[in-house]
Amino acid sequence: MDKIKLIEITARLMESPKGILAIDESLLTCGKRFETLGVPNTEEKRRDYRELLVTAPDIEKYISGYIFFDETIKQFTKEKRTFTSILQTKGVNIGIKVDQGLTDLSLHPGEKITQGLDGLSERLKEYKNMGATFAKWRAVYTIGENTPSEDCMRENARVLGKYAALCQEFSIVPIIEPEVLIDGDHNIEKCYEVTSKNFDIIFAEMWKLGVFIPGVILKTSMILPGKDAAEKASPEKIAEATLRCLKAHVPVGIGGIVFLSGGQADEDATLNLNAMHQGEPLPWPLTFSYGRAIQNPALQSWAKNPEDINSAQELLVQMARNNSLASIGEYKK
Ligand code: 13P
């Protein structure tokens, strides 16, 4: 492992006032998003859409890295340039989702474990040759009456730790993404409690496996009430609970922390991040790594008018800019 290189990549990704754009939807997830807008889920359509995301003018002012899916890292523009070379020319880091999705956790109804460790070394080698400097692995936890179980947290932590260690052997910065789902009617305190316990388990595992923490980026859900909760929370309350949790349960030496949007309303994701940057300077760089909360307006515009690439790109860059402002506490509604 090349620690200096890991720190350099992490610093480039966390450079203020930028964030990371996730365009790593699997074929299935992309299909679901397309379906609601009446777009057929073909390779050609996915390529057309992703080309506009990759070629959006000036997006590099707000975005330090793009996270690709296996199909997308290998795709080309209509002019036969690889997507990766377009981003490299703009100085944007190439990331790749390397997990292979969720499967049922045995004997734990309703709980999931993330798969993809098989053949991971070979895939990392291949992606590195294509220019990837960072990777992402997502684990998912559902808040319910008896979930997430400690077994689910421990099993996922074990896999996240192995993935992170392997990435670092290749000097690829691992993003670890434990996502506590927004689904449910739980209150904000419950989300705090689950997320805190999960962080404790994850970082104990990282420590045990010798993962180099300054060369890791944590991609987390915010501390939020469930989307069907009776009581909603203000951005100030969400910011306070999220920062309290991160300060108490994430090592201060972590390379950086980024948020997923996780099905929040687009603007809520921006306002909540903005609220986290109103107080004292934070112990770690803290920014966004949104998928939907940046892409939504652009995707809707393109689905309606596929020929009008400019309008879709303008919307994409506008959303990236809003979140860039939020990452320094300067976004105004
Ligand atoms: P969302 O911001 O749409 O939640 O996507 C981020 C992501 O990478 C999910 O794995």
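Let me sum up the structure you'll find in this document. (Residues numbered from 1 in each chain as written. Predicted model: local features only at pLDDT ≥ 70, side-chain atom pairs only at ≥ 80, totals over all residues. Heavy atoms only, no water.)

Time to look at helix α8 (residues 188-208). Spanning 21 residues, α8 covers 30 Å between terminal C-alpha atoms, matching the ideal 30 Å at 1.5 Å per step. Where α8 ends, the next residue or the one after it, Gly210, has phi of about 75°, a positive value. (Helix = DSSP H or I, 4+ residues; strand = E, 2+ residues; numbered from the N terminus. Expected span 1.5 Å × (residues − 1).)

Let's shift gears to the site of the ligand. If you check the shell around the ligand, you find 13 residues, and the closest are Lys136, Lys219, Ser261, Gly262 and Arg292. With respect to the ligand, the side chain of Glu177 contributes an N or O atom lying 3.0 Å from an oxygen atom. In the model, an oxygen atom of the ligand is placed 2.5 Å from a nitrogen or oxygen of the Ser261 side chain. With the chains in place, 91% of the 300 Å² that the ligand exposes on its own is no longer accessible. Its residues placed into classes, the shell around the ligand shows three nonpolar, four polar and six charged. (Near = heavy atom within 4 Å. Polar contact = N/O pair within 3.5 Å; in protein donor to acceptor, adjacent residues only side chain to side chain. Areas by Shrake-Rupley, 256 points an atom, 1.4 Å probe, with all protein chains shown as cover. Nonpolar A, V, L, I, M, F, W, Y, C, P; charged D, E, K, R; others polar.)

Strand order in the open sheet made by the eight strands is β1-β2-β3-β6-β7-β8-β9-β10, with parallel pairing throughout. Two strands lie at the open edges of the sheet, namely β1 (19-22) and β10 (286-288), each paired on one side alone. The average undirected angle you get between the axes of adjacent strands in this sheet is 25°. Two strands pair when backbone bridges link them, and strand β6 (residues 132-141) and strand β7 (residues 173-180) are joined in this way by eight bridges, in the parallel orientation. Looking at the pairing, Trp137 lines up with Ile176 of β7. (Pairing = 2+ DSSP bridges. Axes fitted to C-alpha atoms, helices over the stretch in contact; angles between N-to-C directions.)

With that out of the way, let us pick up unusual backbone geometry. The omega angle of the peptide bond from Ser16 to Pro17 is 0°, so this bond is cis rather than trans. Mapped onto the elements of the fold, Pro17 is located in the loop between α1 (3-13) and β1. Cis peptide bonds are those with omega within 30 degrees of zero, and the linkage from Thr147 to Pro148 qualifies with 0°. Locating Pro148 in the fold gives a position in the loop between β6 and α7 (150-169). Phi is positive for Lys80, which is not a glycine, with a value near 70°. Among the secondary structure elements, Lys80 is positioned in the loop between α4 (70-73) and α5 (83-89). One non-glycine residue, Leu107, lies in the positive phi region at around 65°. With respect to the helices and strands, Leu107 occurs in the loop between β4 (102-104) and β5 (112-114).

With that settled, consider the pattern of salt bridges. Opposite charge on two side chains allows them to pair when their charged atoms are near. Per the counting criterion, the structure on display carries 24 salt bridges. Glu179 is the partner of Arg138 in a salt bridge, and the nearest nitrogen-oxygen pair spans 2.7 Å. Here Arg138, found in strand β6, pairs with Glu179, found in strand β7; they are 41 residues apart in sequence, far enough to count as distant. A relative accessible area of 24% places Arg138 in the partly exposed class. Among the charged side chains, a salt-bridge network with shared partners connects Arg47, Asp48, Glu51 and Lys78. (Salt bridge = Lys/Arg side-chain N within 4 Å of Asp/Glu carboxyl O. Buried < 20%, exposed > 50% of the residue type's maximum accessible area, 1.4 Å probe, protein only.)

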